[in-house]
There are 2 protein chains.
Amino acid sequence: MMWYTECGKDGDVVLSSRVRLARNLKGIPFPARADEKQQEEVLTRCKNAVLESGSTLADTVKYIDLSVMQDYEKQAIAERHLISPQMMDSRIKRGLLLSDDNRLSILLNEEDHIRIQAMAAGFDLDACFSLADRVDDLIEESVEYAFDEQIGYLTCCPTNAGTGMRASVMVHLPGLTISGTINQMIDSLSQLGVTVRGLFGEGSKATGYLYQISNQLTLGAAEEDILEKFKQIVESVIGKEREMRTRLYNTDKYKLEDRLMRSYGILSHAVLLSSEEAMKRLSDVRMGIELGIIKNIKLEQLNEVTYEILPANIMLKYNLPDANERDLKRAEIVRERMCS
Amino acid sequence: MMWYTECGKDGDVVLSSRVRLARNLKGIPFPARADEKQQEEVLTRCKNAVLESGSTLADTVKYIDLSVMQDYEKQAIAERHLISPQMMDSRIKRGLLLSDDNRLSILLNEEDHIRIQAMAAGFDLDACFSLADRVDDLIEESVEYAFDEQIGYLTCCPTNAGTGMRASVMVHLPGLTISGTINQMIDSLSQLGVTVRGLFGEGSKATGYLYQISNQLTLGAAEEDILEKFKQIVESVIGKEREMRTRLYNTDKYKLEDRLMRSYGILSHAVLLSSEEAMKRLSDVRMGIELGIIKNIKLEQLNEVTYEILPANIMLKYNLPDANERDLKRAEIVRERMCS
């Protein structure tokens, strides 16, 4: 089962958790500086390190050669956060090891040689770290990482050096956004070494109240300590968000209900739907479910549809290069999901 | 059964038909010129002419003294077109004879002493005329009308003199309105002695593509001939409206469907609804039903709700003087109607 068809712990605020570890092979330049042969060597060695490990994990993972993929195919897996947008650039030979349930994706020759990325539904960074750590050990059985006793793991960008770890959660913050307290929170979190961004990472805008919160600190502390501190910060965001939702609801119950129910009505009836509108209205429906106003849909149903309706995913599944035809198909998909 | 819970002939375009006859008693000044005693005499004589006629009709009609009604109560029956807005003015003693099914209303001391008004669902002016004519004969059994051999029936306003008859239909013209051909049609109809107005008569704007079409000619021809000519004109409007709907639908099917379905979605989910928005969106839903896009609602259901949600009707039924509370109640009523 795909991870995003589940609704995990604190699923009313946290859609998903993610931990990624940046690693590089010793003695080979970082991808952007490596020649073609070296890039290929990275792909082969890392691929073999996992697939030929004899581990049970190897059976659930397949290798994907990004150089033979169409742009929209790469875009589709980027929309699902399985690869980063940087991986779209085809000037470097790139590969991906992906588990059947999409919980684990290992990006090869992104900014670093190896980026181990583990995802989970809801607020479950421990599960992510545990999976990423296991894969890290597995790869290290057959390759030697670039490592410095003083610094830790060496990475292309110095901000990732040390643990090479970045933890993040995708959160739904309508309460903090509508009440206008989000900007103040973003400022105070940044002083704690935590950034808040839009759904698609750096520089992207928040779509439908969805944000990514991630730790920036990678150096000078053990993974477990960094993770623990980050988890506490996320807990406090969850608490504040729930508080603001309740306050918002109590201030003008009917106006809020009206807005959320209208979005639900539109999603379950519209014939044409842009991805932008769909994301916004799905966010309203999500809030409606979280507040107990909308009862006949489950959060899990929303998690899947949130990815399904993104442009490249529709293009990939239904082969629709025309944006109008995608709007028609998107509305159809959403209507079906809203009814079940 | 109330007439507006039915869907009559050509119900996809014509919501209702109406015929009214203006009559005055001989030897008594028109209501605005009559003194209080004379006004009361009109009320008593007309009331008795119907209620004490011994006719079967008398059993189904009740007398309502407008002078003891609250403004919002009068407003509520005006919203249902049972009295004209002029009847709201309490400086003249006014009365109403109303049949149980609301098909017949006899306005006493409006602009004329007597205005016999007969309504029917759909396009059925013959039924209206036949009922009004029968009541006219009944009243004439016991009172003498102001009548001139040359002119015909004498009326307060000379434009009503002669037959004293005005026929009208309430029509739904989204095709002609959206396509922009309505203004041209209004111009050419006015040259035929036919006027097109908004839902609430003279000077009112069209609400949700609803219009009133009525004949202006009352003089120089027999009732039957005037009616026949007017019916032909309405037939041609019906034909043109259907043509424009089909054309509109064929031009951009999905865009139109999207609009109509969104209105349906909003009406079946909104928590707050103004009467203006409700009328517009109900009109979209009506069009959706007429085009076969919306299948689980019947036109009859819309006819009733169209009246039910008007401000004074909600005020009257639920005693809600606050507009916000009415918006809440209106949304509730509409949601229920959209579900059945």
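How each quantity is defined
Residues numbered from 1 in each chain as written. Chains lettered and ligands numbered in written order. Predicted model: local features only at pLDDT ≥ 70, side-chain atom pairs only at ≥ 80, totals over all residues. Heavy atoms only, no water. Helix = DSSP H or I, 4+ residues; strand = E, 2+ residues; numbered from the N terminus. Rg over C-alpha atoms; globule rule 2.2 N^0.38 Å. Buried < 20%, exposed > 50% of the residue type's maximum accessible area, 1.4 Å probe, protein only. Contact = heavy atoms within 4.5 Å. Lys, Arg positive; Asp, Glu negative; His and termini not counted. Charge placed at Lys NZ, Arg CZ, Asp CG, Glu CD. Domains from an automatic or database assignment. Buried area = accessible area lost by both parts, 1.4 Å probe. Salt bridge = Lys/Arg side-chain N within 4 Å of Asp/Glu carboxyl O. Polar contact = N/O pair within 3.5 Å; in protein donor to acceptor, adjacent residues only side chain to side chain. Nonpolar A, V, L, I, M, F, W, Y, C, P; charged D, E, K, R; others polar. Pairing = 2+ DSSP bridges. Axes fitted to C-alpha atoms, helices over the stretch in contact; angles between N-to-C directions. Least-squares fit on C-alpha atoms with pLDDT ≥ 70 in both. Parallel < 35°, antiparallel > 145°, perpendicular 65-115°, else oblique. Expected span 1.5 Å × (residues − 1).

## Some details on the overall build of chain A
(1) Moving on: Counting secondary structure elements, chain A contains 11 helices and 10 strands.
(2) Moving on: Over its C-alpha trace chain A gives a radius of gyration of 21 Å, about what one expects of a compact globule, namely 20 Å for 340 residues.
(3) Moving on: Structurally, chain A occupies a C-alpha span of about 65 × 45 × 35 Å along its principal axes.
(4) Moving on: By the burial criterion, 56% of the 340 residues in chain A qualify as buried.
(5) Moving on: Long-range pairs, those at least 24 residues apart, make up 70% of the contacts in chain A with a sequence separation of at least 6.
(6) Moving on: In chain A, which carries 42 positive and 53 negative side-chain charges, the distance between the mean positions of the two groups comes to 5 Å.

## Some details on the domain arrangement of chain A
Residues and elements named next belong to chain A.
(1) Moving on: For chain A, the domain assignment lists domain 1 (3-242) and domain 2 (253-339).
(2) Moving on: Counting from both sides, the interface comprises 26 residues of domain 1 and, opposite them, 21 residues of domain 2.
(3) Moving on: For the pair domain 1 and domain 2, the two sides together bury roughly 2,100 Å², of which 63% comes from carbon and sulfur.
(4) Moving on: On the domain 1 side of the contact with domain 2, Tyr72, Glu79 and Arg80 bury the most area, a combined 26% of that side's loss.

## Brief notes about the interface of chain B and chain A
(1) Moving on: Listed as interface residues are 17 residues of chain B and, on the opposing side, 17 residues of chain A.
(2) Moving on: Inspection of the region where chain B meets chain A yields 2 salt bridges.
(3) Moving on: The shortest N-O distance in the salt bridge between Glu277 of chain B and Arg262 of chain A comes to 2.8 Å.
(4) Moving on: On inspection of chain B and its partner chain A, the count reaches 8 residue pairs in polar contact (both at pLDDT 80 or more).
(5) Moving on: Counting residues per element, the side of chain B that touches chain A draws most heavily on helix α8 (residues 253-267) of chain B, at 9 residues.
(6) Moving on: Among the residues forming the side of chain B that touches chain A, the class breakdown is 9 nonpolar, 3 polar and 5 charged.

## What about the sheet that holds strand β8 (residues 165-172) of chain B?
All names here are of chain B.
(1) Moving on: Strand order across the open sheet formed by 8 strands is β2-β3-β4-β5-β1-β8-β10-β9, with antiparallel pairing between neighbours. Two strands bound the open sheet, and with one partner strand each, they are β2 (61-65) and β9 (194-198). Ignoring strand direction, the axes of neighbouring strands in this sheet form an average angle of 20°.
(2) Moving on: Taken together, the 7 bridges between strand β1 (residues 14-23) and β8 define a ladder with antiparallel strand orientation. The residue bridging Ser17 from the neighbouring strand is Val169, located in β8.

## Here we look at the environment of Phe230 of chain A
Residues and elements named next belong to chain A.
(1) Moving on: Relative to the assigned elements, Phe230 resides in helix α6 (residues 223-251).
(2) Moving on: Since its relative accessible area comes to 1%, Phe230 is described here as buried.
(3) Moving on: Sequence-wise, Phe230 and Ser168 are 62 residues apart; in three dimensions their C-alpha atoms are separated by 8.7 Å.
(4) Moving on: Setting aside anything within four residues of it in sequence, one finds Phe230 in contact with Leu125, Ala167, Ser168, Val169, Val194, Ile213, Ser214 and Asn215.

## Digging into the side chain of Ser168 of chain B
All names here are of chain B.
(1) Moving on: Inspection of the secondary structure assignment puts Ser168 in strand β8.
(2) Moving on: Overall, the relative accessible area of 6% leaves Ser168 in the buried class.
(3) Moving on: Setting aside its immediate chain neighbours within four residues, Ser168 contacts Ser16, Ser17, Arg18, Leu125, Gln212, Ile213, Ser214 and Phe230.

## Points about the relation of the copies chain B and chain A
(1) Moving on: The transform that puts chain B on chain A rotates by 180° and translates by 0.0 Å along the axis, for an RMSD of 0.0 Å. Expressed as an axis order, the relation between the two copies is that of a two-fold axis. Minimal C-alpha separation from the rotation axis in chain B is found for Gly265 of chain B, amounting to 2.1 Å.

## Quick look at the packing of helix α9 (residues 299-308) of chain A against helix α11 (residues 323-339) of chain A
All names here are of chain A.
(1) Moving on: Where α9 meets α11, the axes come as close as 10 Å, and the angle between the chain directions of the two elements is 175°. Between α9 and α11, the angle falls in the class roughly antiparallel. Packed against α9, whose contacting residues are Gln301, Leu302, Val305 and Glu308, the element α11 presents Ile333, Val334, Arg337 and Met338 at the interface.
(2) Moving on: For the contact of α9 with α11, the class distribution of residues is 5 nonpolar, 1 polar and 2 charged.

## Quick look at helix α4 (residues 125-140) of chain B
Since the α-helix packs 3.6 residues into each turn, any two residues three or four apart lie on the same face.
(1) Moving on: Helix length check: α4 of chain B (16 residues) gives 22 Å between terminal C-alpha atoms against 22 Å at 1.5 Å per residue, within 8%.
(2) Moving on: Along α4 of chain B, the residues classified as buried are Leu125, Cys128, Phe129, Leu131, Ala132, Val135, Asp136, Leu138 and Ile139 of chain B.

## A look at the pattern of salt bridges
(1) Moving on: Applying the stated criterion across every chain, the model contains 54 salt bridges over all chains.
(2) Moving on: The partner of Arg262 of chain B in a salt bridge is Asp258 of chain B, with the nearest N and O atoms 3.0 Å apart. One end of the pair is Arg262 of chain B and the other is Asp258 of chain B, both in helix α8 and 4 residues apart, which spans about a single turn.
(3) Moving on: Assessed through its relative accessible area of 16%, Arg262 of chain B is described here as buried.
(4) Moving on: When salt bridges that share partners are traced, they join Lys9, Asp10, Asp12 and Arg242 of chain A into one network.

## Notes on the pairing of strand β5 (residues 114-121) of chain A
Two faces, one strand: in a regular strand the side chains alternate between the faces of the sheet.
All names here are of chain A.
(1) Moving on: Of all 8 residues that make up β5, 8 are buried, and the element is covered over most of its length.
(2) Moving on: Here β5 shows no split at all, with Ile114, Ile116, Ala118 and Ala120 on one side and Arg115, Gln117, Met119 and Ala121 on the other all buried.
(3) Moving on: Pairing between strand β1 (residues 14-23) and β5: 8 bridges, direction antiparallel. By the bridge assignment for β5, Arg20 is matched with Gln117.
(4) Moving on: Strand direction decides the pairing type here: strand β4 (residues 104-108) and β5, joined by 5 bridges, are antiparallel. Residue Leu107 lies in a different strand from β5, and its bridge partner there is Arg115.
(5) Moving on: With antiparallel pairing between neighbouring strands as the criterion, β4 and β5 make up a hairpin whose turn holds 5 residues, including Asn109 at a positive phi of roughly 60°.

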